[in-house]
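# Structure assessment
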Amino acid sequence: MDVMDAIRKRYSCRSYDNQPVPDKTLRELLEAARLAPSARNLQDWRFVVVTEPEIREKLCKQAIRQEFVQQAPVIIVACSNNPYIMGCGQRIAPIDVAIAMEHLVLAATAKGLGTCWLGAFNPHKVRQILGIPSHIEIVNLLALGRPAKTAKSPDRLPIDHIVCKNRWTF
Ligand SMILES: Cc1cc2nc3c(=O)[nH]c(=O)nc-3n(C[C@H](O)[C@H](O)[C@H](O)COP(=O)(O)O)c2cc1C
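The structure reproduced in this document is the subject of the present report. (Residues numbered from 1 in each chain as written. Predicted model: local features only at pLDDT ≥ 70, side-chain atom pairs only at ≥ 80, totals over all residues. Heavy atoms only, no water.)

## Looking at the nonpolar core
Counting residues in hydrophobic clusters, the biggest one holds 22 residues, and the most contacted among them are Ile75, Val77, Ile138 and Leu141. Where this core is concerned, the elements lending two or more residues are helix 3 (53-62), strand 2 (74-80), strand 3 (114-118) and strand 4 (137-145). (Core = buried A, V, L, I, M, F, W, Y, C linked by side-chain atoms within 4.5 Å. Buried < 20%, exposed > 50% of the residue type's maximum accessible area, 1.4 Å probe, protein only. Helix = DSSP H or I, 4+ residues; strand = E, 2+ residues; numbered from the N terminus.)

Below, the structure written as structure tokens:
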């Protein structure tokens, strides 16, 4: 599948069939994340791949009001130990992690798997459950698995609405 096909096909999957994702597939997806760009190539992202049912269940309880997370056979907890702020004033941690996760997400789409980025979760509880040290930032959770049913992305704004040329003309 070419990249544009994967981009068009991806949607936030909120229904999983709970079949395990083979280790080999998981490794290939993590390889896609590993190859992502990062500021100064620091690669300060760390990923906790949760497949054990008891730990998943505990994590699901911290994914606020999102029952579908319970069905996903894999939850990836994306973290960063990068405390730096770039010259532009932006923090590196969430940007690097988001790029790596999107690499993984598109690779998963190309393999027919579904994903959903989760920002609604209790980071303190997730930290406790997984034993993540306090200096590590938990950026997001990602549900991953085989879709039980497909869905469609909500509409996007037209290009002319989000792009201007040469000067800010919005
Ligand atoms: C930073 C971020 C946080 C998100 N958090 C959640 C979440 O907690 N729960 C959820 O169901 N979807 C979450 N989403 C998915 C968005 O709702 C979804 O991407 C958006 O509605 C567009 O739909 P699509 O992904 O199907 O194209 C999140 C997406 C992003 C990028």
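Back to the write-up after that little detour.
## Observations concerning the state of the cysteines
Tallied over the full model, the rule gives 0 disulfides. The thiol of Cys88 is unpaired, and the distance to the nearest cysteine sulfur, on Cys164, comes to 19 Å. The structure places no disulfide on Cys116, whose sulfur is separated from the nearest cysteine sulfur, that of Cys13, by 7.7 Å. (Disulfide = S-S within 2.5 Å.)

## A few points about a nonpolar patch on the surface
A grouping of Leu157, Ile159, Ile162 and Val163 is seen on the molecular surface, where their side chains present a nonpolar patch of about 400 Å² in accessible area. Relative to the elements of secondary structure, Ile162 occurs in helix 6 (residues 159-162). (Patch = residues over 30% accessible without salt bridge, like charges linked within 9 Å, V, L, I, M, F, W, Y side chains within 5 Å. Areas by Shrake-Rupley, 256 points an atom, 1.4 Å probe, with all protein chains shown as cover. Salt bridge = Lys/Arg side-chain N within 4 Å of Asp/Glu carboxyl O.)

## As for the sheet that holds strand 4
Across the sheet, 4 strands lie side by side as 1-2-4-3; this open sheet has antiparallel pairing. Of all strands in the sheet, those bounded by a partner on one side alone are strand 1 (45-50) and strand 3. Strand after strand, the sheet turns through a mean of 20 degrees between neighbouring axes, direction not considered. Two elements, strand 1 and strand 2, share 6 bridges in a ladder whose sense is antiparallel. Each residue of the ladder has a partner; that of Val50, found in strand 2, is Ile75. Packing against the sheet, helix 4 (residues 92-110) makes contact with strand 1, strand 2, strand 3 and strand 4, and its axis sits at approximately 5 degrees to strand 4. (Pairing = 2+ DSSP bridges. Axes fitted to C-alpha atoms, helices over the stretch in contact; angles between N-to-C directions. Contact = heavy atoms within 4.5 Å.)

## Let's talk about the pattern of salt bridges
Scanning the model with the defined rule gives 6 salt bridges in all. In this structure, the salt-bridge partner of Lys24 is Glu28, at a minimum N-O distance of 3.2 Å. Of this pair, Lys24 and Glu28 both sit in helix 2 (residues 23-34), separated by 4 residues, roughly a single helical turn. What makes Lys24 exposed here is its relative accessible area of 62%. A single salt-bridge network, built from bridges that share partners, covers Lys24, Glu28 and Lys111.

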